[in-house]
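Okay, here's what each chain looks like letter by letter:
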Amino acid sequence: MDQIDHLTAPGSTGEEKPAAPRITVRDATRSFVTAGRSAVHAMGPMDLTIGDDEFLCVVGPSGCGKSTLLKIIAGLLAPSSGEVAINVSGEHRIPIAMVFQDYGIYPWKTVRANVDLGLRLTGRPSAERREIVDDWLARLGLTEFADAYPGALSGGMRQRVSVARALAIDPEVLLMDEPFAALDAQLREVLQEELLAIWQARRRTVVFVTHSLEEALLLGDRVVVMSARPGRVIADINVPFERPRTGAVRTDALFAKLRGELRTSLQPQVTAQFDAGKDKR
Amino acid sequence: MSSVLTRRPGAAELHPVRTRRRWTVTKVTLGIAVPVLFVAVWQLIAVLEWVDPFLYPPPSRLGPGLAALWEDGRLVDATVTSVRRVILGYLLGAVAGVVIGFLMGMSRVLRAALEPFSWAWYTVPKLALLPIFLTIFGFGDTSVVVLIAVTVYFFVWISVMSAVMAVPTGYREAALMLRVNRWEMFRHVLLPAALPEIFVGLRIAAGVSVLMLVGIEFVISDQGLGFLIEQGRTLLLLEQSYVAIVLVALIGYLFALLVKLIGRLFVRWRDEDNAIIPS
């Protein structure tokens with residue numbers, strides 16, 4: 001954690017976000033017990049505070065526990081120790097939405113039915129649902145494919161369906177687990193900018209796990225770097241670029257500088273994780 | 001030596017409609033040709049007298065056999081009885097198997113309580129239980145139906161339970177994030193995800209139910225197609241046996257086909273035949 005100050009870019013705005021934290025991770029750890037083996041200490045102890053309407057990106061080496069953290073926040077997995085608190089208004093039946101890297105959308109439902117599912121489960125009247133779904137389908141360029149099954153769509157289209165479904169329920173917290181990792185670089189940039197525009201139009205708390213430093217800097221208000229397993233926070237930087245942003249920040253000199261700093265802090269962790277894997281054999 | 005690999009559209013790409021139509025014709029032709037060929041070889045063997053045509057009646061003698069059974073109405077009676085028994089038994093067993101399979105697939109406690117016990121019962125040949133069922137339900141339809149139902153139940157139960165448990169965690173987690181309850185998880189995720197595999201089990205069970213039917217009718221020898229087979233054998237009316245066997249095969253085929261078609265109605269998101277292999 002001592003690297004925070006060092007990594008905080010000049011001109012970054014730590015004082016701009018004093019709002020009450022939306023998510024508080026306190027001393028959380030997670031171990032996995034696999035049959036016949038000793039426990040694997042996957043994550044933590046970890047401390048993290050995520051502000052209301054903050055867009056937080058989490059980067060770290062593969063297997064460092066990023067997804068574990070996300071699943072704990074989601075409530076799909078309980079921490080082994082410590083605690084995670086999420087403030088929700090209590091007005092939503094579904095306050096937290098998640099976009100998965102894959103599997104999130106159902107092949108047995110049409111695009112429309114997939115996007116509609118969350119709304120349907122909240123029991124909204126169908127006319128209202130139809131309006132909301134149509135709006136999201138249009139915003140993500142899916143109108144034409146509304147009645148197709150996901151099996152007939154490309155990967156990029158499928159991930160759009162997944163994003164549309166998460167956003168259609170208007171969640172207070174949006175969790176995204178490497179949502180664009182399976183896409184090609186061009187499509188990835190398109191979807192990044194779509195997400196950027198959507199979020200800037202209607203801000204909400206987002207925790208976004210990614211491998212891509214560029215993606216993290218483009219989208220995030222803040223980027224957290226996690227260590228090799230067991231994953232802890234080793235760096236935490238504020239991203240200074242003004243909102244609303246566009247993809248143009250990629251060419252900013254500061255962008256390159258920040259990416260370099262992130263890479264420097266991440267590199268030893270990636271190596272450590274890799275070596276840890278080798279030692280096992 | 002240099003070579004150029006070219007990738008060009010083939011017939012399927014250039015003439016998609018025609019290609020598909022041709023494949024449909026080929027498929028139907030092959031499906032009919034194989035049984036016809038089988039019958040032809042069978043007839044040929046009899047004509048060449050490679051086997052004794054009295055003990056192994058050729059297809060040409062099945063016509064008169066069929067006519068005889070038709071005229072005195074026994075064929076219709078036996079078929080109606082058998083079909084009624086198998087459908088009733090199958091429906092009872094399949095419904096019970098689907099319900100219990102889902103309950104067990106969704107509940108660890110139920111699995112822990114019932115799985116070992118059920119597997120033990122599964123292994124018992126149900127025909128061995130026939131005397132018990134005859135004592136309870138008497139000599140007739142009820143015993144046959146119940147025994148078929150029990151057999152079908154175990155096949156369906158296993159396939160449903162394993163299909164439910166095989167539904168990927170990713171699908172479940174996505175639903176959990178939408179705050180589904182147990183019913184909604186079942187309705188939107190587990191049921192549709194498990195359906196393709198369940199229908200495989202239902203088709204297998206359809207075949208098994210016909211096997212069971214004939215076995216039971218063979219043993220208790222009261223009515224039905226199994227009885228006709230058995231009677232033909234004991235009275236040396238082998239044509240009668242053969243006609244009944246062919247009819248059983250036909251019923252089994254149609255039954256499994258019916259289950260398959262019903263399955264297709266429910267599983268519309270899947271390609272019917274996408275099993276691509278290297279040619």
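Quick notes on the rules
- Residues numbered from 1 in each chain as written.
- Chains lettered and ligands numbered in written order.
- Predicted model: local features only at pLDDT ≥ 70, side-chain atom pairs only at ≥ 80, totals over all residues.
- Heavy atoms only, no water.
- Helix = DSSP H or I, 4+ residues; strand = E, 2+ residues; numbered from the N terminus.
- Buried < 20%, exposed > 50% of the residue type's maximum accessible area, 1.4 Å probe, protein only.
- Contact = heavy atoms within 4.5 Å.
- Axes fitted to C-alpha atoms, helices over the stretch in contact; angles between N-to-C directions.
- Parallel < 35°, antiparallel > 145°, perpendicular 65-115°, else oblique.
- Left-handed = near helix turned anticlockwise from the far one by under 90°.
- Nonpolar A, V, L, I, M, F, W, Y, C, P; charged D, E, K, R; others polar.
- Phe/Tyr/Trp six-rings, centres within 6.5 Å; stacked < 30°, edge-to-face > 60°.
- Pairing = 2+ DSSP bridges.
- Domains from an automatic or database assignment.
- Patch = residues over 30% accessible without salt bridge, like charges linked within 9 Å, V, L, I, M, F, W, Y side chains within 5 Å.
- Areas by Shrake-Rupley, 256 points an atom, 1.4 Å probe, with all protein chains shown as cover.
- Salt bridge = Lys/Arg side-chain N within 4 Å of Asp/Glu carboxyl O.

Moving on, we get to the overall build of chain A. Regarding its fold elements, chain A presents eight helices and nine strands. Referenced to the eigenvectors of the C-alpha coordinate spread, the extents of chain A come out at roughly 55 × 50 × 35 Å. Looking at chain A as a whole, 52% of its 281 residues qualify as buried. Partitioning the contacts of chain A with sequence separation of at least 6, the portion at a separation of at least 24 is 73%.

All names here are of chain B. Axis separation between helix α5 (residues 108-123) and helix α7 (residues 141-165) bottoms out at 11 Å; the angle between their running directions is 140°. Viewed along their axes, α5 and α7 adopt a mutual orientation that is oblique. In the crossing of α5 with α7, the sense of the turn from one axis to the other is left-handed. Contacts between α5 and α7 involve R111, E115, S118, W119, W121 and Y122 on the former and, on the latter, F154, F155, W157, I158, M161 and M165. Here the contact of α5 with α7 is built from residues that sort into nine nonpolar, one polar and two charged.

It is worth spelling out the packing of aromatic side chains at this point. All told, the structure shown has 22 aromatic pairs over all chains when counted by the stated rule. Seen in terms of ring centroids, A:F55 and A:F208 are 5.9 Å apart; in terms of plane orientation they differ by 40°. Their pairing is tilted. Here A:F55, found in strand β3 (residues 55-59), pairs with A:F208, found in strand β7 (residues 205-209); they are 153 residues apart in sequence, far enough to count as distant. When sorted by exposure, A:F55 lands in the same class as A:F208, which is buried. Taking 5.8 Å as the distance between ring centres and 40° as the angle between the ring planes, the aromatic pair formed by B:W42 and B:Y242 counts as tilted. Here B:W42, found in helix α2 (residues 16-47), pairs with B:Y242, found in helix α11 (residues 238-266); they are 200 residues apart in sequence, far enough to count as distant. Among the aromatic residues, those joined into a ring-pair cluster are B:W119, B:Y122, B:Y153, B:F154, B:F155 and B:W157.

All names here are of chain A. Extensive coverage of strand β8 (residues 222-226) is indicated by the burial of five of its five residues. Burial of the side chains of β8 extends over both faces: R222, V224 and M226 are buried on one face and V223 and V225 on the other. Sheet topology places β3 next to β8; four bridges connect them, and they run parallel. Bridging across to β8, V59 finds its partner in V225. Note that β8 and strand β9 (residues 233-238) share five bridges and pair antiparallel. Note on β9: the bridge partner recorded for M226 is V233.

Further remarks concern the domain arrangement of chain B. Taken as a whole, chain B is organised into domain 1 (11-47) and domain 2 (61-266). Computed over C-alpha atoms, the centres of domain 1 of chain B and domain 2 of chain B are 30 Å apart.

This part is about a nonpolar patch on the surface. All names here are of chain B. A cluster of nonpolar side chains, contributed by V95, V99, L103, L110 and L114, occupies part of the molecular surface with about 380 Å² of accessible area. Elements with a contribution of two residues or more to the nonpolar patch: α4 (74-106) and α5. Here the nonpolar patch takes three residues from α4, the largest share from any one element. Secondary-structure assignment places L103 in helix α4.

On to the sheet that holds β7(A). Across a sheet, paired strands are connected by hydrogen bonds in the backbone, their directions being either parallel or antiparallel. Residues and elements named next belong to chain A. On the basis of which strands lie adjacent, the open sheet formed by six strands has the order β5-β6-β7-β3-β8-β9 and mixed pairing. Pairing within the sheet leaves two strands with one partner each, and these edge strands are β5 (96-99) and β9. Taken pair by pair, the neighbouring strands of this sheet meet at an average axis angle of 15°, ignoring direction. The sheet contact formed by β3 and β7 spans four bridges and is parallel. In the sheet register, F55 faces β7, and the bridge partner there is V206.

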